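# Close look at the chain arrangement
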Amino acid sequence: MNQSVRAPIVPIPFIDVGAQRRRLGRAIDDAIARVTTHCQFIQGPEVIAFESELAAFCGARYAVGCASGTDALLLVLMARGIGPGDAVICPAFTFCATAEVVVLTGATPVFADVDATTFNLDTASVTRAVATAKRHGLTPKMVIPVDLFGLPADHDAIAAVAKAEGLFVLDDAAQGLGATYKGRRLGSLAPATATSFFPAKPLGCYGDGGAVLTDDAGLVELLKSLRVHGQGSDRYDNVRIGMTSRLDTIQAAVLTEKLKIFAEEIAARDRIAQRYADGLKDVALVPIVPEGLTSVWAQYTIRLAPGVRDGLAGKLRPQGIPTVVYYPKPLHRLEAYRQFPVVDNGIPVTDRLAEEVISLPMHAYLDAPTQDRIIEAVRAALTA
Ligand SMILES: *Cc1c(COP(=O)(O)O)cnc(C)c1O
């Protein structure tokens, strides 16, 4: 074919935040305008309303908004008094924030391995991580399972290990908000759940935001104090060391509009994931959702034999098809985290996954013709 008559390549977005913005249109403009009219930018009525809507959506008694997913995790660690000498067990196959907050409190993250099929915490490895922590002279206090790529961790198994070992469970649902485990939404499965409203997350706002979900009224009181500099009876009665971490009123107003269509978007994501599985299952290891669980597909991540994915990415890029590797370096291999203990001195599944995974474009507005373009290009690249 003559180069000059070939149709231009339309680049496909990895996550199309704009498509949803166009769909919501005036609803978002009006919600923001209400806030810029009443001017209660901090802790305005939209924050209170969104917190209760979010709690109801997740089946939790309370939601406490804050400034990011990272802060949501950190606020819970602070509320639990986690600090130097304590060990917090978490997977190494996750975004750095899961372990970063542990280090910020002065405690030590201990890295456990994950399951190769679900990418989520392997509970047998958690038990061994407790022993590893003790061998290092640390007191194991908490475990942070991550609902990676939108799929819930095995929360029943984690609750059992946590009970046996005396660990508090803080669920990192930054990617998994809206997903269900045996009929219950994340947010109601652990004593505390942290989530993120970063724009690229399944429920994103128009900036940074986060929340903690819990049924524990005492924890809520502490979180509400900690997010406003450890305030006591009023703002200038500071009874503990806290921070400044609130969910902006404008972001809460945006989130209330987005929450209205979230269930529908989750259903769309699930249909798109199913189409990917149907189109790719004979050429790649596609993700499997265990019986009784649902995923919100924060990422659609396939596995290829080591050494194959760079070639795939290289063939897709010139066709306008982006891919991302989550995560090329697990936390225990990152410079900032190399010094922290790893269970059994090695986490082979994590290391293997880091070599095999690659994520394809995924969002609720990925239409069938665009997705077919992706599927066909992936198939052609892998079967060439
Ligand atoms: C995004 C993310 C966070 C942090 O959320 P922010 O809102 O960006 O601070 C924490 N944990 C995981 C697993 C994440 O994906």
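For the structure itself, consult the block above.
Residues numbered from 1 in each chain as written. Predicted model: local features only at pLDDT ≥ 70, side-chain atom pairs only at ≥ 80, totals over all residues. Heavy atoms only, no water.

### Topic: the environment of Gly307
- Along the chain, Gly307 turns up in the loop between strand 10 (300–303) and helix 11 (309–316).
- Look at Gly307 and you get exposed, because its relative accessible area is 72%. (Helix = DSSP H or I, 4+ residues; strand = E, 2+ residues; numbered from the N terminus. Buried < 20%, exposed > 50% of the residue type's maximum accessible area, 1.4 Å probe, protein only.)

### As for the site of the ligand
- As a structural note, the neighbourhood of the ligand is formed by 14 residues, with Gly69, Thr70, Asp172, Ser196 and Lys201 the closest of them.
- Spatially, the ligand is embedded in the largest pocket.
- Among the elements of the structure, helix 4 (69–79) and helix 5 (97–104) are those that each provide at least two residues to the shell around the ligand.
- Here the residues of the shell around the ligand sort into four nonpolar, eight polar and two charged. (Near = heavy atom within 4 Å. 1 Å grid on protein atoms, 1.4 Å probe; cavity = no way out; pocket = protein on both sides within 12 Å on 5 of 7 lines; lining within 4 Å. Sits in = over half its atoms within 2 Å of the grid points. Nonpolar A, V, L, I, M, F, W, Y, C, P; charged D, E, K, R; others polar.)

### Overview of the layout of surface pockets
- Approximately 420 Å³ is the volume attributed to the largest pocket.
- What lines the largest pocket is a set of 24 residues, among which Phe95, Gln175, Phe198, Lys201 and Tyr327 lie closest to the centre.
- Broken down by secondary-structure element, the contributors of at least two residues to the lining of the largest pocket are helix 4 and helix 5.
- Of the residues forming the lining of the largest pocket, the biggest block, three residues, is contributed by helix 4.
- Considered class by class, the residues forming the lining of the largest pocket number 13 nonpolar, eight polar and three charged.
- Residue assignment places the lining of the largest pocket across two domains, with domain 1 (18–260) and domain 2 (262–383) each supplying three or more.
- Along the wall of the second largest pocket there are 14 residues; nearest its centre are Thr118, Ala153, Asp154, Pro290 and Leu293.
- Considered class by class, the residues forming the lining of the second largest pocket number seven nonpolar, three polar and four charged. (Points joined across faces, edges and corners; volume = space filled by probe spheres on them. Domains from an automatic or database assignment.)

### Thoughts on helix 11
- Along helix 11, the residues that are buried comprise Arg309, Leu312, Ala313 and Leu316. For helix 11, the angular spread of the buried residues around the axis is 95 degrees, confining them to a single face.
- Close packing links the buried residues of helix 11 with helix 12 (348–356), strand 11 (357–360) and helix 13 (368–383). (Arc of directions from axis to C-beta. Contact = heavy atoms within 4.5 Å.)

### Regarding the nonpolar core
- Grouped together as the largest cluster of nonpolar side chains are 54 residues, with contacts concentrated most on Ile89, Phe111, Val143 and Leu170.
- The element best represented in this core is helix 4, accounting for seven residues.
- Among all residues touching Val143, those that are not within four sequence positions of it are Ile89, Leu121, Val126, Ile158, Ala162, Leu167, Phe168, Val169 and Leu170.
- Among the nonpolar cores identified, the runner-up in size contains 28 residues, and Cys58, Leu177, Leu203 and Leu213 belong to it. (Core = buried A, V, L, I, M, F, W, Y, C linked by side-chain atoms within 4.5 Å.)

### Regarding empty space enclosed by the protein
- For the structure shown, the criterion picks out two cavities of 30 Å³ or more.
- In this structure, the largest cavity is lined by 15 residues; those nearest its centre are Ile15, Asp16, Gln20, Pro202 and Arg269.
- Those elements that provide at least two residues to the lining of the largest cavity are helix 1 (17–24) and helix 10 (262–280).
- Taken together, the residues that form the lining of the largest cavity break down as seven nonpolar, three polar and five charged.
- Residue contributions to the lining of the largest cavity reach at least three from each of two domains, namely domain 1 (18–260) and domain 2 (262–383).
- Here the second largest cavity defines a volume of roughly 100 Å³.
- As for the second largest cavity, its lining consists of 14 residues, of which Phe119, Phe149, Leu151, Pro287 and Trp297 are closest to the centre.
- Each of domain 1 (18–260) and domain 2 (262–383) gives at least three residues to the lining of the second largest cavity.

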